[in-house]
Amino acid sequence: MSVPVIPVAPLRRGLEIPPLLRDPASGPLADMRGRGLRDLRISVTDRCNFRCTYCMPRDVFDANHEFLPHAQILSFEEIVRVARVFHGLGIAKIRLTGGEPLLRRNIEGLVAMLSQALPDIDLTLTTNGSALKQKARALFEAGLRRITVSLDSLDDATFRAMNDADFPVARVLEAIDVAAAEGLAPVKVNMVVKRGTNDDQVIAMARHFRGSGHIVRFIEFMDVGATNGWRMDDVVPSAEVVRRINAEFPCEPVNPNHFGEVAKRWRFKDGGGEFGIISSVSQAFCSSCNRARLSTDGSLYTCLFATEGYDLKSILRKGASDEDLSRAVAAVWQRREDRYSEIRTADTPRSRKVEMSFIGG
Ligand code: SAM
Ligand code: SF4
Ligand code: SF4
């Protein structure tokens, strides 16, 4: 008789939830640096059909890589429960991400559950666009109203090389059009700018999306995780991106929509619409960072660059009440001190940081 092979889960022992510092009922939730909690990013899968060189390099995320087994992944019911608890603590926004969130089976079912449970939450999702053409209508019907699609280049050869899955630009552009036509307009388009790889595409992207109503966000290449070979020299500072765009299409800054907004807004002076810059490396925004992250396996991370998360799943599965969960999240947040990007140097060690595909971008 053959012995069944049990897949080995990636060993990741979460941090224990600390005791509360203050009664959460005593006032608005704030961390050690006075930052509130506004935004929750939920990673719904650690899997992806792309192997973007800056995120899941193929030589690391190869056939031997062990993704999380199903039993370790939060169910939709568990995700909604955690989201409700965060909502009770004051969050205004949820972003579904991953990995590639559209690979999670019946993702529209989760969107429907979240939008019904929390109708006043600003719910959005970030995707590589590969399955968006097929899913856009179902996502809209489930209650999604906003979406972000990643696209790093309009040059097909460059894009195929960067996603390392031979995926063509045309299908992402088509997906953006379909999403907009289904009601998910304006679409936000994320471009990670890497010097010498795709920075020659900045103007082409600005030109293409000007006047379309969609908003490109130019993101500095970050040292997330430990595998993407990040070097400071590869970062194109956002100020340089703005300088280059301004030389071609004069532009000016726009006031933020709300405190702590990640992307700084710019608009074309001739009325051609807006673009955004995300300067996580050159102009860190830790002082206003109000984002928490829930990993695919139910750990709470208080920073994108954290080395460990707090194990919410265990207490959830041990029968914690909503009150217990809320106090656990509050306790973690009250002790939060993170400000990685403010103190990063080119020599900051990278060995233990969690990968972005796991924690959620
Ligand atoms: N798979 C989806 C996608 O690509 O849109 C969602 C997950 S992905 C991790 C979320 C966002 O993080 C994408 O826009 C991606 O380009 C960005 N990203 C990934 N690695 C990055 C890095 N090293 N620096 C800056 N942005 C990065
Ligand atoms: Fe996948 Fe998104 Fe990471 Fe690219 S950036 S490998 S699409 S998770
Ligand atoms: Fe927030 Fe951490 Fe990024 Fe600073 S480094 S902005 S604390 S996620």
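Residues numbered from 1 in each chain as written. Chains lettered and ligands numbered in written order. Predicted model: local features only at pLDDT ≥ 70, side-chain atom pairs only at ≥ 80, totals over all residues. Heavy atoms only, no water.

**Here's the deal with the packing of aromatic side chains**
Here comes step 1: Per the counting criterion, the structure on display carries seven aromatic pairs.
Here comes step 2: Each ring, one from F50 and one from F167, has its centre 5.2 Å from the other, and the planes form 45°; the classification is tilted. Here F167 lies in the loop between α4 (156–163) and α5 (169–184) and F50 lies in the loop between β1 (39–43) and α1 (76–88), a separation of 117 residues in the sequence.
Here comes step 3: Note on F50: relative accessible area 4%, which makes it buried.
Here comes step 4: Ring centres of F249 and F268 lie 6.0 Å apart, and the angle between their planes is 85°; this geometry places the pair in the edge-to-face category. Of this pair, F249 sits in the loop between α7 (238–248) and β7 (251–254) while F268 is found in strand β8 (residues 264–268), placing the two residues 19 residues apart along the sequence.
Here comes step 5: Judged by its relative accessible area of 11%, F249 is buried.
Here comes step 6: Among the residues examined, F268 registers a relative accessible area of 3% and is labelled buried.
Here comes step 7: Connected via pairs of aromatic rings, a cluster forms that spans F218, F249, W266, F268 and F275. (Phe/Tyr/Trp six-rings, centres within 6.5 Å; stacked < 30°, edge-to-face > 60°. Helix = DSSP H or I, 4+ residues; strand = E, 2+ residues; numbered from the N terminus. Buried < 20%, exposed > 50% of the residue type's maximum accessible area, 1.4 Å probe, protein only.)

**Section: the site of ligand 3**
Here comes step 1: In the neighbourhood of ligand 3, the contacting residues comprise F285, C286, C289, R291, R293, C303, L304, F305, R336, D338, Y340 and S341.
Here comes step 2: For the shell around ligand 3, the secondary-structure elements that each account for two or more residues are β10 (291–294) and α10 (340–343).
Here comes step 3: Partitioned by chemical class, the residues of the shell around ligand 3 number seven nonpolar, one polar and four charged. (Near = heavy atom within 4 Å. Nonpolar A, V, L, I, M, F, W, Y, C, P; charged D, E, K, R; others polar.)

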